[in-house]
Amino acid sequence: MPTLHLLTRRAATAALAAVLFMPALASAAPAYAGPLFDAHLHYNVEAVDPHPIDDVLGRMQRSGVRAVIANSRPNDGTKALAAAREATKKAGVTVVPFVRLYRNRADYTGWPTDPSIVDMVLRELAAGTAAGPYRGLGEFHLYDSKNADGPTARRLMQLAQERDLVVLAHVDDVAVEKLFAHAPKARMIWAHTGIGGVPIERVRALLDKHPTLYGELSYRPGLTVDDGKLSAAWKALLSEKPERFFVGSDTWTNGRWPEYENLMREARAWLGGLPPAAARRIAWENGAAMFGLTSP
């Protein structure tokens, strides 16, 4: 049995540790606790068997995600989510469907010059989904920015502008400029706010130049530092322009689904480092305003 002397020393040590730890607790910003709009979610064909609809909706519900931009390869996954109306209602999740340009993996690289993609998109838009009309196009990839000038890329940007469809584009900063040259008034959500870590000053310049450009923040290099807090540079930009950003999960591979709830917890943690009004805008209000959703 410990002696009284040892017990006293242990109590003193514990008290000192508590005092030393109190400032850290006091300075830690609480995580954002409101609803989330996931602006970059995939329900691809390979996810359907291991993660049926009840599974993915359960993950959204437990994460406080109340709406998602859904897109899939092929578009069957999006249509299945949209058709599960009782399940989505029970989970409290609104599905905002986008037409993806990919029927298969070959389309990832071939779509910018493939006229059959335009035909497929037009068919999908005409048919719509059980949740209503499609609201956007994408996510699509441009691995070489020169492909932004391909005939299909040009036509689809013009189509998006004509029909007030939002574009979800996984592209570099050069391609952003090229795509807007085809359709200056189109609304574009920039997946990851730039591939390869586009410098933050370049991001700011593009946001200033293109008022209908928005940044989605999954996988964004430099967004947070090692402890999961916002970096100083990104905290400044998000506080300055909170109306221009979204959170996202990017469930592009099956390995992202078991991590979904953790991804949303991480987003809530860094959102907590922003002024509350800015956090609400990025987390929910921007998506709700863009697609006419009511607050939960």
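A quick note: this is a predicted structure, and the numbers were derived from the prediction, not measured.

### Some details on the pattern of salt bridges
Okay, so step 1: Tallied over the full model, the rule gives 22 salt bridges.
Okay, so step 2: Here Arg 105 and Glu 46 are joined by a salt bridge, their closest N and O atoms 3.6 Å apart. Remark: Glu 46 occurs in the loop between β1 (36–42) and α2 (53–63) and Arg 105 occurs in the loop between β3 (94–99) and α5 (107–110); sequence separation between them is 59 residues.
Okay, so step 3: Taking relative accessible area as the criterion, Arg 105 reaches 56% and is therefore assigned exposed.
Okay, so step 4: A relative accessible area of 28% means that Glu 46 is categorised as partly exposed.
Okay, so step 5: Asp 227 is the partner of Lys 229 in a salt bridge, and the nearest nitrogen-oxygen pair spans 4.0 Å.
Okay, so step 6: Accessibility expressed as a relative area gives 48% for Lys 229, which makes it partly exposed.
Okay, so step 7: Among the residues examined, Asp 227 registers a relative accessible area of 52% and is labelled exposed.

### Considering the packing of aromatic side chains
Okay, so step 1: Per the stated rule, a full pass over the model turns up 10 aromatic pairs.
Okay, so step 2: By way of ring pairs, the aromatic residues Phe 37, Phe 98, Tyr 214, Phe 246, Trp 284 and Phe 291 are connected into one cluster.
Okay, so step 3: Here the guanidinium or amino end of Arg 244 rests over the ring plane of Tyr 214, the centre of that ring lying 5.8 Å away.

### Details of the nonpolar core
Okay, so step 1: One finds Met 60, Val 121, Phe 140, Leu 238, Trp 270 and Leu 271 to be the most contacted residues of the largest nonpolar core, which totals 92 residues.
Okay, so step 2: It is helix α12 (residues 276–291) that contributes the most residues to this core, eight residues altogether.
Okay, so step 3: Excluding its chain neighbours within four sequence positions, the residues that come into contact with Val 121 are Val 99, Leu 101, Leu 137, Leu 156 and Leu 159.

### A word on the confidence of the model for the protein
Okay, so step 1: Here the protein averages 92 in pLDDT, while 91% of its residues score no lower than 70.
Okay, so step 2: Predicted confidence for residues 1–26 stays below pLDDT 50, and this span has two contacts to residues more than four positions away or in other chains.

### Observations regarding the side chain of Asp 107
Okay, so step 1: As for its placement among the helices and strands, Asp 107 is situated in helix α5.
Okay, so step 2: A polar contact is formed between the side chain of Asp 107 and the backbone nitrogen of Arg 103, at a distance of 2.8 Å.
Okay, so step 3: Not counting residues up to four positions away in its chain, the partners in contact with Asp 107 are Leu 101, Tyr 102, Asp 114 and Ile 117.

### Some points on the sheet that holds strand β5 (residues 166–170)
Okay, so step 1: Read from one edge to the other, the open sheet built from eight strands follows the order β1-β2-β3-β4-β5-β6-β7-β8, with strand pairing classed as parallel. The sheet is open, and its two edges are formed by β1 and β8 (245–246), each paired on a single side.
Okay, so step 2: Bridge analysis of β1 against strand β2 (residues 65–71) gives five bridges, and the strand direction is parallel. Across the sheet, residue Phe 37 finds its bridge partner in β2, namely Ala 67.
Okay, so step 3: Against the sheet, helix α3 (residues 76–83) touches β1, β2 and β3, its axis set at about 155° to β3.

### Re the side chain of Glu 139
Okay, so step 1: Relative to the helices and strands, Glu 139 resides in strand β4 (residues 136–141).
Okay, so step 2: A distance of 3.2 Å separates polar atoms of two side chains, one belonging to Glu 139 and the other to His 40.
Okay, so step 3: Of the polar contacts made by the side chain of Glu 139, one reaches the side chain of His 42; its length is 2.9 Å.
Okay, so step 4: Sequence-distant contacts of Glu 139, defined by excluding residues within four places in its chain, comprise His 40, His 42, Asn 71, Arg 100, Tyr 102, Leu 168, His 170, Ala 191 and His 192.

So, how was this worked out
- Residues numbered from 1 in each chain as written.
- Predicted model: local features only at pLDDT ≥ 70, side-chain atom pairs only at ≥ 80, totals over all residues.
- Heavy atoms only, no water.
- Salt bridge = Lys/Arg side-chain N within 4 Å of Asp/Glu carboxyl O.
- Helix = DSSP H or I, 4+ residues; strand = E, 2+ residues; numbered from the N terminus.
- Buried < 20%, exposed > 50% of the residue type's maximum accessible area, 1.4 Å probe, protein only.
- Phe/Tyr/Trp six-rings, centres within 6.5 Å; stacked < 30°, edge-to-face > 60°.
- Lys NZ or Arg CZ within 6 Å of the ring centre and 35° of its normal.
- Core = buried A, V, L, I, M, F, W, Y, C linked by side-chain atoms within 4.5 Å.
- Contact = heavy atoms within 4.5 Å.
- pLDDT = per-residue confidence, 0-100.
- Polar contact = N/O pair within 3.5 Å; in protein donor to acceptor, adjacent residues only side chain to side chain.
- Pairing = 2+ DSSP bridges.
- Axes fitted to C-alpha atoms, helices over the stretch in contact; angles between N-to-C directions.

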